Each structure stands twice: as C-alpha cells, then as structure tokens.
Amino acid sequence: MKLSKNYSIQYLGELDHTYLLEQYSKLEEKDWNYDITRQHTFKDVHGYTKWIPIIYEDVSSPFRAKGIDSVKYVEQFLTNVLGSVSIRRAIYTKLEPFKEIPIHKDSGVFLEQHTRVHIPIISNPNTMFGAFHPDEVDNNISKEEWIKWIHMEPGKAYALNNCEAPHAVSNKSDQARVHLICDFTFLNKGKRSVI
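To keep things clear, this report deals only with the structure shown in the data block. Since this is a predicted model, take the numbers as computed values, not measurements.

Scoring rules and cut-offs
- Residues numbered from 1 in each chain as written.
- Predicted model: local features only at pLDDT ≥ 70, side-chain atom pairs only at ≥ 80, totals over all residues.
- Heavy atoms only, no water.
- Helix = DSSP H or I, 4+ residues; strand = E, 2+ residues; numbered from the N terminus.
- Polar contact = N/O pair within 3.5 Å; in protein donor to acceptor, adjacent residues only side chain to side chain.
- Pairing = 2+ DSSP bridges.
- Axes fitted to C-alpha atoms, helices over the stretch in contact; angles between N-to-C directions.
- Contact = heavy atoms within 4.5 Å.
- 1 Å grid on protein atoms, 1.4 Å probe; cavity = no way out; pocket = protein on both sides within 12 Å on 5 of 7 lines; lining within 4 Å.
- Points joined across faces, edges and corners; volume = space filled by probe spheres on them.
- Phe/Tyr/Trp six-rings, centres within 6.5 Å; stacked < 30°, edge-to-face > 60°.
- Buried < 20%, exposed > 50% of the residue type's maximum accessible area, 1.4 Å probe, protein only.

Focus: the side chain of Asn161
Relative to the helices and strands, Asn161 is located in the loop between β8 (156-160) and β9 (167-171). A distance of 3.2 Å separates a polar side-chain atom of Asn161 from the backbone oxygen of Tyr7.

Some details on the sheet that holds β8
One open sheet accounts for six strands, arranged β1-β8-β5-β10-β3-β2; its pairing is antiparallel. Two strands bound the open sheet, and with one partner strand each, they are β1 (9-14) and β2 (49-56). Strand-to-strand, the axes of this sheet are offset by a mean angle of 25°, without reference to chain direction. Where β2 and strand β3 (residues 85-95) come together, seven bridges link them in antiparallel fashion. The residue of β3 that forms the bridge with Thr49 is Leu95. Lying on the sheet, helix α1 (residues 17-24) is in contact with β3, β5 (115-122) and β10 (177-186); it crosses β5 at an angle near 85°. Helix α4 (residues 64-82) rests against β1, β2, β3, β5, β8 and β10 of the sheet, and its axis sits at about 120° to β3.

Examining the layout of surface pockets
Counted as a void, the largest pocket has a volume near 350 Å³. Together, 16 residues line the largest pocket, and Arg38, Phe42, His46, Asp106 and Leu111 are the ones closest to its centre. At the level of elements, α2 (37-41), α3 (43-46), β2 and β3 are the ones that each hand at least two residues to the lining of the largest pocket. Per-element tally for the lining of the largest pocket: the top contributor is α2, with three residues.

Remarks on the packing of aromatic side chains
One pass over the full model with this rule turns up six aromatic pairs. Ring geometry for Phe184 and Phe186: centres 5.4 Å apart, planes at 75°, overall edge-to-face. Of the residues examined, Phe184 reaches a relative accessible area of 1% and is grouped as buried. Taking relative accessible area as the criterion, Phe186 reaches 37% and is therefore assigned partly exposed.

Okay, here's the thing in structure tokens:
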C-alpha cells in the first residue's frame, strides 16, 4: 500500500487491539500528569488533552519502558503495510469526555518531515475525528461544513496529513478518548530504526 497523493485521513489497516490495550494498561492514571507542557503551550488547541511521551525525539522519557513494546509493534505493522519505516516520536494522548479539539493544522520542521499515524486505543462511537484537505475546499460553504467526520475505530490505524489538512476532534461521550500517535519516516537503504 502507498499513501494517496492528496490524502487528509487514510485508513491503513487493523492491529491487534487486545495487545494494544494490554500494553496501554501498563500506564497509571498519575502518568497523565507527569508533563503538562503540551496542554499549556498549545492551550487553545490542546487545553483539554493530556499526553504521555513514549519516544519524543531525543528527550529521554520515563515511560519508554511502559510503551516501547506498543511502538515496536506499530512500527512493524507500518513496515508491513507501507514499507520500511522508523518511528521517531510516539505519544499517548487523551481527550477528556465532552470536550473538543478545535480546527487546526500542525506545524514545525519535525512534523513536516514525518508522517503521522493515529491508533485509537479507547474511543466511543460518539467521538468523531474530522479533517479536510485544501483541495476539497468549497468557498460557498462554512469552514465547519468542509470537514468530513469519521469515527476512528479502536485498534485501527489511520494516517493523518496533519500539516496540510486542517483537523478537529469532537468527543461527545462520557468516556475519555485515548490515541497512540506515532510520527515516522520512511527508511532508505542503509538507515536503521531508532527503537
């Protein structure tokens, strides 16, 4: 499989959700409060989210041991689906019940040089992920109407063109939504994975 040329969200396939839940269960509730910089630095977008870094570029994470098996599993899955890849950043994110992430695009050199994949770990059918690509814009309707909403199902992998496609999340459930988000690069011959 290859990523479509102008994708906003692309379904990549299904992983072993039971295994991912087992790995996720190694984390404790207190782990979500270890690092609150993301929700404060990007409070307009991520004010209602929490995160746990597993691999975060060159920063050593105290949660690496709890999450690295999931990341290795996802990396192998992506390699089987897309060709040889290396995950360079992996985080768990949690969106609180009845909260939203407003429409936004991600930016920065690192993100522009990597491909993002979302793997829902916990997600209620009333939690919707919306995205659109600038090529799909119709100036005769409101920005909110441009968005195509989907429910990202737990245990499935979705590539997100997060720097090109404005995206948003609406959690209209009483359950927190948890995703494992991985940013990866395609490997050339001679390069090795960092995990």
